[in-house]
Structures are given as structure tokens and as C-alpha cells.
Amino acid sequence: MNSSMDEINLLRQHQRHQQHHLSVRGIGEEIDLEIDQCEDPTFSGAALEGVTSHHPQDPVVPADDHKSFLIPCSQPGAVDGQPQPTPPQAEERAGMLRLSAHTKKKKKVVKKWRDEWADTYKWAYVAVHDNTSRIFCTVCKEYGRKHRRNPYGNEGSRNMQMSALEEHNNSLLHKEALRLQSASKEKVQTPEIERPVCVKALSKTAASILESLFKKDPHEAEFIQSIQEVVHSIEPVLVKNSQYVQILERLLEPERCFIFRVPWVDDRGEAHVNRGFRVQFSQALGPCRGGLRFHPSMNLSVAKFLAFEQTLKNALSLYKLGGAAGGSDFDPKGKSEIEVMRFCQSFMDELYRYLGPDQDFPAEDVGVGPREMGFLFGQYRRLSGHFQGNFTGPKIFWSGSSFRTEATGYGLVFFARVVLADMNKELKGLRCAISGSGKIAMHVLEKLLSCEAIPVTVSDSEGYLFDGDGFDYVKYTLIRNIKAQQRSLKEYLKTFPRAKYINDAKPWGSNMPCTGQAVDILRKAKVHVAPAKATAAGGVAVGELELNPEFSLMQWSVEDFENKIQEAVKQTYDRSMKAAQEYGILKENPESLVHGANISAFLNIAQAMTDQGCV
């Protein structure tokens, strides 16, 4: 054996269904695994650990080198469960003697060193527990029995315990413990975030607010990005009016968040469980209103981000309301109607107690359409015992407007037209990229055609469709029929083969469609940006008018509807631009509309929070 090896790693034995004795010896370029059908007499008091060379002149052999080998040696702490120091030289000699002492007939199996074993087993060590040696996880300090499913409760062989440890080391619990251990050792101040956050240069006050947020919610990338955009916009307000600093700190903390489990049974009788979320971010301006989203990507960070955006979005409108959002990581795609109904009913079983006309009422969002909202409202009515509350949706017989689906899509096009008019331009003849092909996107496409624009893209979950010739009413009808039959947009190519379908990509987004880095690129290119909280003014206006008993939306004509939407859009645009100019943001600034919308919304909320005191 070569004593210059600087680390000895534990190898895994694949024969999991039998109890084996394992000993290893180096044989040049390979490793000789000697296995027999007996218990290891040395295992009850032995550990598997690395031996470090004490000769500086010896060459260093990498830990993952296939020439590395194992020897059993004494683990500190093997006498009556108490740690006892052992010199490294004695450990090495004892291990070598044990290897040579085992002379039983063995069945030899030669295996190449597998690099991945090193990462798996370097967290294992042997120690005495209840007068018996166990294999422990270094991070979690638990032994093999705790990490494997064994209905009989026995410990099993060493290999079975190692197999259990391997499964444990791949578990989320172990990985989280490992991350915390690493962060503690390296004294990391801000844990790493999977989605990068682009940090802008801010004043000391604004920077301190963001730093505090980073410490409290380091992994909520979507929420952090939305907060950063708003803080960056309202920085001139904070500098000019220092009393708003404490208001902002309170506003950035949601009033309440609900996380709950949603159990449901599929058509095969199998039980499933998903997570449900509802974040009531602020009720300073009135009862909460905001969407419900059913999508696998839904989590608390997304719910907080959407609720915060909805709070500012509602604060921009004439009819002030608070903001909320929520949903579940449930995916309605591929589910039967009965399965969707069961899920919606289970979801509402928990959520209904937090809803009401004076508290919170939900609206549609991704994955939640008329079908889902109908199921949700039916269960809410059943549990509350009376027909109350407002679930905003297109079904007029349970409080929705007949124009509800058109409002947001039409409003977006009207908003673009207002922006362009202020630049002495018009939509006619402009090529437009549309993201999505759902109810909002299709109404955007429809209204762009009526404005004689040239829409060239739509998208679905698998990619996006690009038609360089532009869509017309014939192509619009084809796309609408494809989506109505829940088919892929690739079907469009059968009729119009000159178009292209790009897999796993999309042309644009909706709420917070760009990362911080993308926003910087747009800024440098002087591309004018209109924020979603402003462009959604049409949908917000109609949703809030539904709550006003003085209006009867069901009796509106199409002309009345479009005029009301255009009025709401124009007022939102004017208020946003006025707020930007009051704080020194020039109209020519590509982000003037973003900053102005954020400033206007914040000032409305801040005034209400000031009037109501510290609550």
C-alpha cells in the first residue's frame, strides 16, 4: 500500500439484497473488491475515513483518482460511546492488520473507480450508538436507519445503511442542511439566489431598504426584482420627503400571507397534494382584489410579487382598492374536468374563510379561467351559505361582466395608441409581437387588426409562432379555432407553411417580463417601456366598475365599453407622466412612464397609510 495517499474514499457495494463483507486493496490502475457472504468482524468498532500523508515530499494523489483505496480504521469515539483520540499512524497500522487478518475464501469482483461515489460518501462516518457501530451522516448527525424505509426496523448490513445514506444525501432535507452549513462556515451575508438580481446604484436610504429585504427574503427572486424596480423609481420621492421612508418599509411587508395544503383525488382514485397561496398585500385603499394563478411555477415569491404589483396597479385607478394575489402549483393542463373541479373545491375549502366583499375577492389569472372560477365560486357559495362576494370573471350570472375578457386586451392596445400619439406616431402599419395566445392575447390580436397594425407572433407553452407576413382576420380565426380545440400552435404551419414555430421560446411576457439585465439593455437602447401596472388599466377599470352598484355593465353597448376603457387608460397615462415630471424625470426618458406609474401609485397608498396611522 502506498502511504502517500492524502485521502481515502468510501466505495459503494451494489449488491443491496445481501449482507456482505467489504475490504479493498490497491492493485495499480484498478481496485479489487473482495466480497463474501459473512459479517465483517472488524465493522463493529471500525470506521471508514481518510488517512493523510505526513511526508511533505510525497506526491499528492487527487481524491477522485481511481487508484484511491479504503482501509477500515478506528473512529474516535468507539469506547463506550466516548470520543478517544487515536494517533494517525496507529490507525493506519491497525487498518492494515485487519485487512491481512481476513483470510476467508472470497469471490472477487473488479470495478473501476466511480467519481460520483466520492461526493456521495464523503459525508459518511462511523460512530457508536447504543453500543453498536452505525454509519452516520456528517451534516445531519443521523445514522443509516433513520434515512431509509425499513418496515422491520432492523439496521441491515453496512451496504444497506450506505445505500440509505446515499438516498438521504440526495434528499432536499440534507441539501438544505448542507447549504446552511456551508453558508455558516463561509460567513455568507447574502445567500445565493437562483435567479440573478440586477442591483442598481441607489441612495443610501434606498439601498438600506433593499439590503434589509435581501436579508429577510434572500431566495424570493421575483419579489425582490419587483421591489427593486419600485424602489429605484421612487428614490426621488424618498430623497425629497424623508417621512415616506418608514411608509415604504411598512408597505413592503405584506399585511398577511396564507399558505395551505390542497389535497385532491384524481380519476384513478390516487391522492395528490398541492400548495395553495394567498397574499393580501395591502388593504390601505380598500378591500383586496387580485388574481388566482394555477401553474407549476407558483410559489410564495411569485404570489408576493403578483400581489405587490396588483396593489400598485389598483392604486393607479380611479376606484381605489387594495391588492392581493395567490393560487397554487397545481397544473390544470392534462386534467379532466372532474379532477379540476375536485381541486378547486378543495382549494376553496381552505381559502373561503379569508374572502368576502369587504375583505378580498379573487380574479382570473394564468390557469384560472371561467371554468375554474365557476367551480371556485360554487364551493364558496356552498360554504358561506349565501350568494355574496364578487369573483370577477366573464360569467355575468355570478357577478362577472360580459366585457370582462376583452377589457385587459383592448386596454393594452388603447394604451399603446395613447403612448404613440404622444410621440406623434400611430399603430397603423407597425409590426407587433404578442406573447401568449389565451383570452387576453387573442383580444390584443383582434384589436391590433382593427387598428391596422401588423401582429406577427403569438405563443403557447411549447414555443412561439412567427408569421413574417403578419396575421389577418383569416389567420386570426384559424389561431382561435386551434386554441379552442386545445391544440398546439404548430398546427398553424399546416395551413401556412411559410410561418415558423420556434420551440422552447417566447417573444415577450406580461407581468415583469424582463430580468434586470434585460431592462438595462432596453434602457441603453433607449426603448420606451410601459409597465404592466399601467397598461392593465382597462382590465382594472372594468373589474372595479363591476363592484359599483351604480353601474350596470350588462346594459353597456360596445361603444360605451370601449369609451370607458379608453378614458381609464388616458387618465392613467396622464397621471403617470405628471408624477414623473413633478420629480424631475424628463418625458424623453425611456423609463419615464415606469417611474411615473410607480411614483403615482406609491403616493396614493402612502397618503392612505399616513392617514390611518401605524397599522
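Everything here concerns the structure above.
The model shown is predicted, which means the values in this text are computed figures rather than measured ones. (Residues numbered from 1 in each chain as written. Predicted model: local features only at pLDDT ≥ 70, side-chain atom pairs only at ≥ 80, totals over all residues. Heavy atoms only, no water.)

(A) A look at the nonpolar core. Ranked by internal contacts, the top residues of the largest apolar core, which has 63 residues, are Ile227, Ile234, Leu248, Phe308, Phe602 and Ile605. Looking at which domains feed residues into this core, each of domain 2 (241-394) and domain 3 (406-566) supplies at least three. When sequence neighbours within four positions are dropped, the list of residues in contact with isoleucine 234 reads Leu248, Asn598, Ile599 and Phe602. Listed in part, the 24 residues of the second largest apolar core include Leu427, Cys432, Ala441 and Tyr501. (Core = buried A, V, L, I, M, F, W, Y, C linked by side-chain atoms within 4.5 Å. Buried < 20%, exposed > 50% of the residue type's maximum accessible area, 1.4 Å probe, protein only. Domains from an automatic or database assignment. Contact = heavy atoms within 4.5 Å.)

(B) Focus on the sheet that holds strand 10 (residues 288-294). Taken in spatial order, the five strands of this open sheet run 8-9-11-10-12, and their pairing is mixed. Only two strands of the sheet have a single neighbouring strand rather than two, namely strand 8 (256-265) and strand 12 (360-364). Strand-to-strand, the axes of this sheet are offset by a mean angle of 25°, without reference to chain direction. By the bridge criterion, six bridges tie strand 9 (residues 271-282) to strand 11 (residues 322-328) in an arrangement that is antiparallel. In the strand pairing of strand 11, valine 279 is matched with alanine 325. Each of strand 8, strand 9, strand 10 and strand 11 is contacted by helix 8 (residues 300-315), which is oriented at about 35° to strand 9, the strand it contacts most. (Pairing = 2+ DSSP bridges. Helix = DSSP H or I, 4+ residues; strand = E, 2+ residues; numbered from the N terminus. Axes fitted to C-alpha atoms, helices over the stretch in contact; angles between N-to-C directions.)

(C) Representation of helix 10 (residues 370-384) within the structure. Over its 15 residues, helix 10 runs 21 Å from end to end, which matches the ideal 21 Å to within 8%, given 1.5 Å per residue. Within helix 10, burial applies to Glu372, Met373, Phe375, Leu376, Phe377, Gln379 and Tyr380. Two residues or fewer past helix 10, glycine 385 is found with a positive phi of approximately 85°. (Expected span 1.5 Å × (residues − 1).)

(D) Representation of the pairing of strand 11. In terms of burial, strand 11 is largely enclosed, as seven of its seven residues are buried. The two faces of strand 11 match: Gly322, Ala324, Gly326 and Ser328 on one face and Gly323, Ala325 and Gly327 on the other face are all buried. Where strand 10 and strand 11 come together, five bridges link them in parallel fashion. Note that in strand 11 the partner of leucine 292 across the bridge is glycine 326. Crossover strand 10 to strand 11 through helix 8 is right-handed. (Right-handed = clockwise from strand over helix to strand, strands pointing away.)

(E) A look at the pattern of salt bridges. Considering all chains together, one arrives at 27 salt bridges under this definition. Glutamate 220 is the partner of lysine 304 in a salt bridge, and the nearest nitrogen-oxygen pair spans 2.8 Å. Placement of lysine 304 in helix 8 and of glutamate 220 in the loop between helix 5 (204-216) and helix 6 (221-240) is noted, with a sequence separation of 84 residues between them. Per residue, the accessibility class of lysine 304 equals that of glutamate 220, and both read buried. For aspartate 360, the salt bridge goes to arginine 278, with nearest N and O atoms at 2.8 Å. A residue pair is termed long-range when its members are at least 10 positions apart, and aspartate 360 in strand 12 and arginine 278 in strand 9 qualify at 82 residues. Judged by its relative accessible area of 1%, aspartate 360 falls in the buried class. In this structure, a network of salt bridges that share partners links the residues Asp217, Glu220 and Lys304. (Salt bridge = Lys/Arg side-chain N within 4 Å of Asp/Glu carboxyl O.)

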